[in-house]
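# Survey of secondary and tertiary structure
One-letter residues, chain by chain:
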Amino acid sequence: MSSGLQVKAVSVVFNTKKGPFHAIDSVNLDVAPGEFVCLIGHSGCGKSTLLNLIAGLTLPTGGEVYCDSRLVAGPGPDRGVVFQQHSLLPWMTCFENVHLGVRRVFGAREDAAALRHRTEYALNMVHLEDAAAKYPFEISGGMKQRVGIARALAIEPRVLLLDEPFGALDALTRAALQDELMRIVEQTHPTVVMVTHDVDEAILLADRVIMMTNGPKASIGDDLRIKLARPRDRVALASDAQFAVYRKRLLEFLFLKQRVPEPATS
Amino acid sequence: MRGIFDRPWVLSLLLFAGFVLAWHLATGSSQGAPTAADTEYAKMVGQGGAAKQSAMPTPADVVRRGAELLSQAFDRNGSNDLGIGWHLLHSLARVLGGFGIAVAVAVPLGFAIGLVPKLYAALNPFIQVLKPVSPLAWMPLALYTLKDSGASAIFMIFICSVWPLLINTAFGVSAVRQDWLNVSRVLGLSVWTRIRHIVFPAAVPMIFTGMRISIGTAWFVIVAAEMVVGQSGIGYFIWNEWNNLQISSMITAIVIIGLVGLGLDVLLVQMTRLLAFQE
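The sections below set out a description of the structure shown in this document. From a predicted model like this one, the values you see are computed outputs, not experimental measurements.

## Description of the overall build of chain B
Check the secondary structure of chain B and you find 11 helices and 0 strands. Of the regular secondary structure in chain B, the N- to C-terminal order runs α-α-α-α-α-α-α-α-α-α-α. Counting all 279 residues of chain B, 32% fall into the buried class. Summarising the internal contacts of chain B: among those between residues at least 6 apart in sequence, 71% fall at separations of at least 24.

Here is the structure:
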């Protein structure tokens, strides 16, 4: 059976011109199957590095990462990634962008009609059926990020990894996409790890918020369970006492325990 | 009404008119009363005092000769007397031939060296040494080995087109955005799918930049090549007219070379717009 994600004593050292740089130091993290975890921390704290480790895009210099009890030795279709900069291929339509992965993962087992159906289904899930034939330059930033989500979901990953997916969007678009993500997660129950620097976003979406200390040698500073009933409603939560408690905890960690890094070092 | 002089093309037109006027005044004056100095000079070179018309044509001469050349552009009076249109077509055929071979060689090779850094490192010294060699330097060697002047001209076009294409393709392939490569890695695409659907489309703009540089250089070189080896072509035409001291024809040919070169460039820009991705 699926056993989620395990990050075991993972360290990352980058070799730079100024000598070795310890980005992450002995991080341990267990994510249960179906759990939604947010990684939060200041810029440069290594939260994206941790996500890349789980994705297999970066390999640890020490320690191991396991996904479903299997050692992560590289990227794989069991882990879908939504990138910070949507990263759509500009020469492909939205449909083709999603279809590329679908064909790769299911192409050997299913016929063309079934594959097309999968891609259409993923695009419908993010309400982009009408934009399927459009190119990325023809659609808005929010829509691009929706395609990115559809692309990651279409390959039916066990784990969904999101690297500040809504960071570049305006507040209203971001809220709409957060609601959409919550709905999709209710439907498909993936394990989710999401990097964010938005405290409200983390509480709204996550079952657990992992707070990371500032780098270099970043590690996990605190681990907060968010015990808010689902489905969650952002308007109701605005006046929720428990929400305010969580918010205060996170803000205290970020701005009292961890100093805001100087802009030059981030 | 004040705005009319702000338009760039109005200024261009004025500059052109000014240039033609200056040209006309400069060349037209020697037709009239020769100045004292001219007479002295004419005496010195033994042509007596008779006013001799300068070989430099007036703008009107050039226009007249140009119209004449264009009206007979595709005349064919024996193999040694072709219209200027035929010469132009011969030049274009050589350029497109050499350029086509260069594309066929340099794009796959550029792909290979862009994908395999070791191969790039191994071939780079040769590229760096051969790239600055003027294509004309290859001419005698080409004539000796290929034993055909037409083939030699095509070879010269090939050799001058190949470097920008090779370097630009290799750069385009090796500098594919990391984001896109990460997409490929995360989706677990096969090597072939990655090359076909990610690396190639991502490199297309750079490949076309290489093509633009190459075709421009090729159009440069063809004139020189044909002056040396040609029995036809626009370069040969200019050299031939120079031997006949037909300066009006030479000037007409220069203008035509410029316009055709511009046309080739515009064509490639349009092709880039059609085939390269938009962001």
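## Topic: the sheet that holds strand S7 (residues 159–163) of chain A
Residue and element names in this part refer to chain A. Pairing is mixed across the open sheet formed by 6 strands, whose spatial order is S6-S7-S8-S3-S9-S10. Every other strand in the sheet has two partners, leaving strand S6 (79–82) and strand S10 (220–225) as the edge strands with one partner each. Strand-to-strand twist of the sheet, defined as the mean angle between neighbouring strand axes without regard to direction, takes the value 15 degrees. Helix H8 (residues 241–257) rests against strand S3 (36–40), strand S9 (208–212) and S10 of the sheet, and its axis sits at about 175 degrees to S10.

## A closer look at the sheet that holds strand S4 (residues 62–67) of chain A
Residue and element names in this part refer to chain A. On the basis of which strands lie adjacent, the open sheet formed by 4 strands has the order S2-S1-S4-S5 and antiparallel pairing. For this open sheet the edge positions go to strand S2 (19–31) and strand S5 (70–71), each flanked by a neighbour on one side alone. As defined by bridge partners, strand S1 (residues 5–16) adjoins S2 across 9 bridges and the pair is classed as antiparallel. Each residue of the ladder has a partner; that of Phe-14, found in S2, is Phe-21. Most of the contacts of helix H1 (residues 47–55) go to S1, to which it runs at about 115 degrees, and overall it touches S1, S2 and S4.

## Overview of helix H11 (residues 247–275) of chain B
All names here are of chain B. For H11, with 29 residues, the first-to-last C-alpha span of 42 Å sits near the 42 Å given by 1.5 Å per residue. Buried within H11 are the following residues: Ser-248, Ser-249, Met-250, Ile-251, Thr-252, Ala-253, Ile-256, Ile-257 and Leu-264. For H11, the elements touching its buried residues are helix H3 (59–71), helix H4 (84–115), helix H9 (191–229) and helix H10 (234–243).

## What to know about the interface of chain A and chain B
Interfaces are frequently sized by the accessible area removed from exposure as the parts join. The partner chain B presents 16 residues to the 18 residues of chain A that form the contact. Top element by residues in the side of chain A that touches chain B is helix H2 (residues 94–106) of chain A. It accounts for 3 residues. Counted by class, the side of chain A that touches chain B contains 13 nonpolar, 4 polar and 1 charged residues.

## What to know about H2 of chain A
The periodicity of an α-helix, 3.6 residues per turn, causes residues three or four places apart in sequence to face the same way. All names here are of chain A. Counted at 1.5 Å a residue, the expected span for H2 with its 13 residues is 18 Å, and the 18 Å between its end C-alpha atoms agrees. Counting buried positions along H2 yields 10 of 13 residues, so the element is predominantly enclosed. Along H2, the positions that sit buried rather than exposed are Cys-94, Phe-95, Asn-97, Val-98, His-99, Leu-100, Gly-101, Val-102, Arg-103 and Val-105.

## A short note on unusual backbone geometry
Residues and elements named next belong to chain A. Cis geometry marks the peptide bond from Arg-230 to Pro-231, where omega comes out at -5 degrees. A positive phi angle, close to 60 degrees, is found at His-127, a residue other than glycine. Within the secondary structure, His-127 is located in the loop between helix H3 (112–125) and helix H4 (141–154). We classify His-127 as partly exposed; it has 13 C-beta atoms within 10 Å. One non-glycine residue, Glu-164, lies in the positive phi region at around 40 degrees. Within the element layout of this structure, Glu-164 appears in the loop between S7 and helix H5 (171–188).

## Quick look at the packing of H10 of chain B against H11 of chain B
Residue and element names in this part refer to chain B. Running from N to C, H10 and H11 point in directions that differ by 160 degrees, and their axes come no closer than 9 Å. The pairing of H10 with H11 is recorded here as roughly antiparallel in orientation. H10 and H11 meet at a crossing whose hand is left-handed. Of H11, the residues touching H10 (which contributes Ile-234, Phe-237, Ile-238, Glu-241 and Trp-242) are Ser-249, Met-250, Ala-253 and Ile-257. Tallied by class, the residues present in the contact of H10 with H11 amount to 7 nonpolar, 1 polar and 1 charged.

## Here's the deal with the packing of helix H7 (residues 149–174) of chain B against H9 of chain B
All names here are of chain B. At their nearest, the axes of H7 and H9 sit 7 Å apart, and the two run at 155 degrees to each other. If you check the angle between H7 and H9, you find them roughly antiparallel. Relative to H9, the crossing made by H7 is right-handed. Looking at the contact of H7 with H9 residue by residue, the classes come out as 20 nonpolar, 10 polar and 1 charged.

## Examining the pairing of S7 of chain A
All names here are of chain A. Within S7, 5 of the 5 residues are buried, which leaves the element mostly enclosed by the surrounding structure. In S7, alternate side chains face the same way, and those of Val-159, Leu-161 and Asp-163 on one face and Leu-160 and Leu-162 on the other are all buried. Pairing geometry for S6 and S7, over 4 bridges, is parallel. Bridge assignment links Val-82 to a residue of S7, and that residue is Leu-162. Where S7 and strand S8 (residues 191–196) come together, 5 bridges link them in parallel fashion. The residue bridging Leu-160 from the neighbouring strand is Val-192, located in S8. Where the polypeptide runs from S7 across H5 and back to S8, its parallel neighbour, the crossover connection is right-handed.

## Some points on the environment of Ala-132 of chain A
All names here are of chain A. Among the secondary structure elements, Ala-132 is positioned in the loop between H3 and H4. When the C-alpha atoms of Ala-132 and Cys-94 are compared, they prove to be 5.0 Å apart, with 38 residues separating the residues in sequence. Residues in contact with Ala-132, not counting those within four places in the same chain, are Thr-93, Cys-94, Phe-95 and Leu-123.

Each value, and the rule that gives it
Residues numbered from 1 in each chain as written. Chains lettered and ligands numbered in written order. Predicted model: local features only at pLDDT ≥ 70, side-chain atom pairs only at ≥ 80, totals over all residues. Helix = DSSP H or I, 4+ residues; strand = E, 2+ residues; numbered from the N terminus. Buried ≥ 20, exposed ≤ 12 C-beta atoms within 10 Å, placed from the backbone. Contact = placed C-beta atoms within 7 Å. Pairing = 2+ DSSP bridges. Axes fitted to C-alpha atoms, helices over the stretch in contact; angles between N-to-C directions. Expected span 1.5 Å × (residues − 1). Nonpolar A, V, L, I, M, F, W, Y, C, P; charged D, E, K, R; others polar. Parallel < 35°, antiparallel > 145°, perpendicular 65-115°, else oblique. Left-handed = near helix turned anticlockwise from the far one by under 90°. Right-handed = clockwise from strand over helix to strand, strands pointing away.

This is a description of form; function is not addressed.
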